[in-house]
Amino acid sequence: MSATPVKETPAVDLAQKERSMVLQKQMIASHYEELATAHDSGKKVVYTFVPGNLTELIRSFDLLPVLPEINALQSGMRKLSGEYIAEAEKHGHSEDVCTYVKCDIGMLKKGNIGPTGKKLPKPDLLLLSYTGCFTFMKWFELLREEYDCPVAMLHVPYQSDGHIHGHHRDYILQQLRTEVIPKFEQVTGLRYDEDRLREKMKLSAQAEDDFVWVLESAKNKPSPIDAYFGGVFYIGPMFTAFRGTPQGVEYYQALRREIEDRVTRHLGPITPDGPMEKERYRLVMEGPPNWTSFREFWKMFYEEGAVVVASSYTKVGGLYDRGFRHDPTRPLESLADYCMGCYTNLGLPTRVELLERYIREYSADGFMINSVKSCNSFSVGQLLMLRQLEERTGVPGGFIESDLVDPRYFSAANIKNRIESYLQMLEQKRAARVA
Amino acid sequence: MKPELAKLVNKAKELYDDLGLKSVQAWKAAVPGRKAIGYMPIYVPRELIHAAGMLPVGIVGGGDRLEIIRGDAYFQSYICHIPRSTIELALSHRLDALDGMLFPSICDVIRNLSGMWAMLFPDRYVHYVDVPQNYEAGVGGVYWHREIEILREDLSRLGGRPISDDDLRQSISVYNENRKALRDLYEVRSRKPWFFPISEMYLMLRAGNLLPVEEHTALLRAYLNEAPLEDGRFEQDESRVVLVGMFCEQPPLGLLATIERAGCWVVDDDLLLGMRWLMGDVSAVGDPLQSLTEAFLTKSATTASRYLPEGHRGRWLVDSVRRNRAEGVIFCAPSFCDPALLEQPMLIAALERESIAHTQFKYSEDTGQFAVIREQAGTFSDSIRLWSEP
Ligand code: SF4
Ligand code: SF4
């Protein structure tokens, strides 16, 4: 799961359209355009997932990636997911399971029209990067039944103890060498070219430096960014098709310059209603956002002066802020390490440690968990995480429940109430401290 | 019921009701220094625990016999029931007899539960058993060999003595006997389901969660002998069905009895699948870790949590229907069980390609109302019988 919203995004109607936003929009539009004409122009298409994605390797084979999670969240933002989910349920999918899967299957059943209104190409290969989520496996098995194309399975061991073990890395390397690369070669007719991969990884690392700078800019007071609601836009190019590309590098350079400027001018984040005037609460956020009411959800925070200074969701595609960089000197090894280090592939104790550090390092007043019904990978254990974090930091936590793309599970009034009372509680605590 | 059979059934029922692991405590108390290791569904290589001189203890939640007081505070309402009852068991000290816990990679719930365990019980041994989804000897095999080697090292440390290759080979043999007894039971039950009512047979399987494996094998053998001698067990006009979806959270006993009372004879199922995960013998000669690895790669059962590189997902189910001469399939999955429920449409498609009848319902381990299920299973059974009439 991750985000690259295209339409109806704040980017469209923000008071000041910044260069990075324009760039991102263009990048996404041209990517979908390329996808729409992929098969006519002889390009091959690989479907894959965001966590542990092998974008540099994919690109080194001139393959075009499609990320079904992104399509699902786009459908959520475009208010189409309800209909798609209903379609999947009509075809026998249980109401209990992850709605990203159902949204994607429903979209497929209804013609596979992508976020820009153009039909998405069928996959030439399904790259099942099984990282951090069990459901991925079932998802692509379901797609395999629909498409007559090969599947490359990449099983990424879980980091239950938070450490990368040598044999875990070797296991991934072996799979890359014996399963993934041969299938890429078979589908594209091209040979694996490590130098090409290195080139791409160099570009990745460059963009990653700027990306981390942007994330860490939230340590400033006021924070110049919202690292969750705004963050989902910033992770877009990094988590999807643009790592290892010159456009990706350019995007993060532009973004960094803009944020540097905001820091110099002591400005807060930009919201769909313009720049945020006063930062009243600094929050850390755990869990993915809701997409069907994304803007409404965000508004519940910014209209109260609450800004998210760090979030775990912006780490589902990698923990760059903890030091990981794609390393051109050891390309495949570094891809293996990348896969293992994605947020949802980390054991719960490591997740708690990470959030604890965020609360401290970003001087947060509080933390909030958005627990989504769809996602067992994220959600199971969050109630314990809440307690542990409160105990370890002394900072109070808030807990809300919604879903990713199922509009039936976004109860605006309830959620707003919860957020308001939580922020009031923070206010009272603050007042008590001052008194 | 004849006294011999009654004795076996009562013993198994007592174990079924032993949520506080009194039998494990007794086993430990019999020889000072003994240790017990819990494991959750589906598969862990129990041979390693056995070879360390410890008791492997299958933990499958609290069923319908446990009031959830604390467990609900740890899990949102949209998560299946087994983790909350398992946490309840632990927080209420019912699992205190366990010196460690193994959590196999089966879904994100059990996976995250392993991390919860590590945080809640920092003094106890917790290990996530990440089985490979790559079944190539040089890839997944090498990885799995190392994983179980680490487990062996851990258990040696915990047990305070090395686990020798001979210990392991001996344990493999003992488990081969158990697997053989289970295969025999399933094979005879498939031919003559009327001898082995599902709710009774389930108790026999379930006893294997707590009993030392040698005693469990003996129990199964005795049951195989005694059950057919019971009066009133004869062939009737019932429907032969395969039950699917129960590999993790277990249905309440009442539900199994209800299916049977509704006119269905269960001829195959995936209840407590971990005991039968390896579908053949493991070699008891040579490098034992290599033997366990090879068996995993080549003899693993197929179920929702296992990746299959090729073909349609439902082939194994169609094969089971054919092999067991079943007339239909009942999908019976726990509510909110992503693996089972995501798998279901693929299995249904496979059955429909072969015109095999099916029906489906969901349960929770603490379901207490069976009227609807009885009605549905009854209608299903009737419809099968109607169709199959000449
Ligand atoms: S369960 Fe979570 S991580 Fe997995 S596909 Fe669904 S939303 Fe994504
Ligand atoms: S019942 Fe299903 S979802 Fe729940 S723990 Fe078991 S396999 Fe996972």
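Reading the values: the criteria
- Residues numbered from 1 in each chain as written.
- Chains lettered and ligands numbered in written order.
- Predicted model: local features only at pLDDT ≥ 70, side-chain atom pairs only at ≥ 80, totals over all residues.
- Heavy atoms only, no water.
- Helix = DSSP H or I, 4+ residues; strand = E, 2+ residues; numbered from the N terminus.
- Expected span 1.5 Å × (residues − 1).
- Buried < 20%, exposed > 50% of the residue type's maximum accessible area, 1.4 Å probe, protein only.
- Contact = heavy atoms within 4.5 Å.
- Buried area = accessible area lost by both parts, 1.4 Å probe.
- Salt bridge = Lys/Arg side-chain N within 4 Å of Asp/Glu carboxyl O.
- Polar contact = N/O pair within 3.5 Å; in protein donor to acceptor, adjacent residues only side chain to side chain.
- Nonpolar A, V, L, I, M, F, W, Y, C, P; charged D, E, K, R; others polar.
- Pairing = 2+ DSSP bridges.
- Axes fitted to C-alpha atoms, helices over the stretch in contact; angles between N-to-C directions.
- Right-handed = clockwise from strand over helix to strand, strands pointing away.

We now examine helix 1 (residues 3–16) of chain B. All names here are of chain B. Taking 1.5 Å of rise per residue, the 14 residues of helix 1 would be expected to cover 20 Å, and the 19 Å separating its terminal C-alpha atoms lies within 8% of that figure. Along helix 1, the residues that are buried comprise L5, A6, L8, V9, A12, L15 and Y16. The inward-facing, buried residues of helix 1 abut helix 2 (22–30), helix 8 (198–207), helix 9 (213–226) and helix 10 (253–261).

Another aspect to go through is the interface of chain A and chain B. Each side of the interface is counted separately: chain A has 55 residues, and chain B has 51 residues. Interface area, chain A with chain B, both sides summed: about 4,500 Å², of which 60% is carbon and sulfur. On the chain A side of the contact with chain B, A:D96, A:F134 and A:E145 bury the most area, a combined 14% of that side's loss. Along the contact surface separating chain A from chain B lie three salt bridges. A:K138 serves as the salt-bridge partner of B:E343, at 2.6 Å between the closest nitrogen and oxygen. Between the two partners, chain A and chain B, sit 27 residue pairs in polar contact (both at pLDDT 80 or more). Here the side of chain A that touches chain B takes seven residues from helix 7 (residues 135–146) of chain A, the largest share from any one element. When grouped by side-chain class, the residues that make up the side of chain A that touches chain B number 23 nonpolar, 21 polar and 11 charged.

Moving on to the sheet that holds strand 8 (residues 306–311) of chain A. Residues and elements named next belong to chain A. Taken together, the four strands give an open sheet; going across it, the order is 8-7-9-10, and neighbouring strands pair in parallel fashion. Looking along the sheet, the strands with just one partner apiece sit at the ends: strand 8 and strand 10 (397–402). Across the sheet, the mean angle separating the axes of adjacent strands is 30° when strand polarity is ignored. Sheet analysis places strand 9 (residues 366–372) next to strand 10, joined by six bridges and oriented parallel. Looking across to strand 10, one finds that I369 is bridged to F399. Contacts between helix 16 (residues 382–393) and the sheet are confined to strand 7 (281–286), strand 9 and strand 10, with strand 9 contributing the most and set at about 175° to the helix.

Another aspect to go through is the pairing of strand 8 (residues 357–363) of chain B. Residues and elements named next belong to chain B. Residues A357, T359, F361 and Y363 point to one face of strand 8 and are all buried, whereas H358, Q360 and K362, pointing to the other face, are not buried. By the bridge criterion, seven bridges tie strand 7 (residues 328–334) to strand 8 in an arrangement that is parallel. From the neighbouring strand, C332 faces strand 8, where its bridge partner is F361. Chirality of the crossover, the property in question, places the unit of strand 7, helix 13 (residues 338–353) and strand 8 among those that are right-handed.

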